[in-house]
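Structural description and commentary
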Amino acid sequence: MATNRRVSRVAELIKREVSQMLLNGIKDDRVGTGMVSVTDVDVSGDLQHAKIYVSIYGTDEAKVETMAGLKSATGYVRSELGARVRLRRTPEVLFLEDRSIERGNKVLALLNQLNHERPPENLVAVEDSTDENDDEFSE
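Residues numbered from 1 in each chain as written. Predicted model: local features only at pLDDT ≥ 70, side-chain atom pairs only at ≥ 80, totals over all residues. Heavy atoms only, no water.

Now for the overall build of the chain. Helix and strand counts for the chain stand at 5 helices and 3 strands. Helices and strands appear in the chain in the N-to-C order α-β-β-α-α-β-α-α. Counting every position in the chain, which comprises 139 residues, the buried fraction comes to 27%. Taking contacts inside the chain between residues at least 6 apart in sequence as the whole, the part at least 24 apart equals 65%. Of the roughly 10,100 Å² of accessible surface on the chain, a fraction of 51% belongs to carbon and sulfur atoms. (Helix = DSSP H or I, 4+ residues; strand = E, 2+ residues; numbered from the N terminus. Buried < 20%, exposed > 50% of the residue type's maximum accessible area, 1.4 Å probe, protein only. Contact = heavy atoms within 4.5 Å. Areas by Shrake-Rupley, 256 points an atom, 1.4 Å probe, with all protein chains shown as cover.)

Turning our eyes to something else, we now look at the packing of helix H1 (residues 4-25) against helix H3 (residues 74-84). Relative to each other, H1 and H3 sit at 120 degrees, their axes nearing to 11 Å. Comparing the axis directions of H1 and H3 gives the class oblique. In this structure, the crossing between H1 and H3 has a hand that is right-handed. Residue-level inspection shows Ile14, Glu17, Val18, Gln20, Met21 and Gly25 of H1 in contact with H3, the latter providing Tyr76, Val77, Glu80, Leu81 and Arg84. Looking at side-chain class alone, the contact of H1 with H3 contains 6 nonpolar, 2 polar and 3 charged residues. (Axes fitted to C-alpha atoms, helices over the stretch in contact; angles between N-to-C directions. Parallel < 35°, antiparallel > 145°, perpendicular 65-115°, else oblique. Left-handed = near helix turned anticlockwise from the far one by under 90°. Nonpolar A, V, L, I, M, F, W, Y, C, P; charged D, E, K, R; others polar.)

A cluster of like positive charges, contributed by Arg5, Arg6, Arg9 and Arg88, occupies part of the molecular surface. Take arginine 9: it is sitting in helix H1. (Patch = residues over 30% accessible without salt bridge, like charges linked within 9 Å, V, L, I, M, F, W, Y side chains within 5 Å. Salt bridge = Lys/Arg side-chain N within 4 Å of Asp/Glu carboxyl O. Lys, Arg positive; Asp, Glu negative; His and termini not counted. Charge placed at Lys NZ, Arg CZ, Asp CG, Glu CD.)

Pairing in this open sheet of 3 strands is mixed, and the strands run E1-E2-E3 from one edge to the other. Two strands lie at the open edges of the sheet, namely strand E1 (35-43) and strand E3 (92-97), each paired on one side alone. Within this sheet the neighbouring strands show an average axis-to-axis angle of 30 degrees, counted without direction. By the bridge criterion, 8 bridges tie E1 to strand E2 (residues 49-57) in an arrangement that is antiparallel. Along E2, the bridge assignment pairs valine 38 with valine 54. This element, helix H2 (residues 60-72), spans E1, E2 and E3 of the sheet and lies at about 175 degrees to E3. (Pairing = 2+ DSSP bridges.)

What follows is about the environment of aspartate 42. For aspartate 42, the position within the fold is in strand E1. Taking the C-alpha atoms as reference, aspartate 42 lies 9.4 Å from lysine 15; in sequence the two are 27 residues apart. Beyond its immediate chain neighbours, meaning those up to four positions away, aspartate 42 contacts His49, Ala50, Lys51 and Tyr53.

With that out of the way, let us pick up the nonpolar core. In terms of nonpolar packing, the biggest core is built from 26 residues, with Ile14, Val18, Ile52, Val54, Leu70 and Phe95 touching the most fellow members. When residues of this core are traced back to their parent elements, those giving at least two are H1, E1, E2, H2, H3 and E3. Leaving out residues up to four positions away in the same chain, leucine 70 has contacts with Leu22, Ile26, Val31, Val36, Val54 and Phe95. (Core = buried A, V, L, I, M, F, W, Y, C linked by side-chain atoms within 4.5 Å.)

Right, let's talk about the environment of valine 41 for a bit. As for its position among the elements, valine 41 is in strand E1. Along the chain, valine 41 and serine 8 lie 33 residues apart, while their C-alpha atoms are 8.9 Å from each other. The contacts of valine 41, once residues within four sequence positions are left out, are Ala11, Ile14, Lys15, Lys51 and Ile52.

Here it is in C-alpha cells:
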C-alpha cells in the first residue's frame, strides 16, 4: 500500500500526462467534438485503479460522443501511461464525466433568480434605527 503522499503525486502525474494525451495523442475524432479537460484523478491506495474525471464543454450529443471516444481510447491511454510513468504496474483507467461545473452554474443561476425575485428590504426602517442611535450619542 502506497503512502498518501505518493498516491497524490501519482494522481497529479497521471492528470498531467492524460491532459497532454488529450491535446496531442488521442487520434479519435469523437474526443475532439467537445472541449475536454481533466478536472481530477482519483488513484486507489494500491495504485491499481485510476478514475479520471473529465469536464466536457459542448452539447449533450458531443458529450456522449466524447465519452464514447474516451472509453474506446482507454487501452491506448493505459499503454501510454505505462511508457511515460515509471510504475511497477500501470493502473487500470476509467474515465468519468465530471458535472460539478454544471451543477455549480445551476446553483448560481437559482441564487441569482431568487435574488431578483425577492422584494427589496425596507430601507426606511434601517434609516430610522440609525437616527435613534445618533440621538443617544449626541447627549
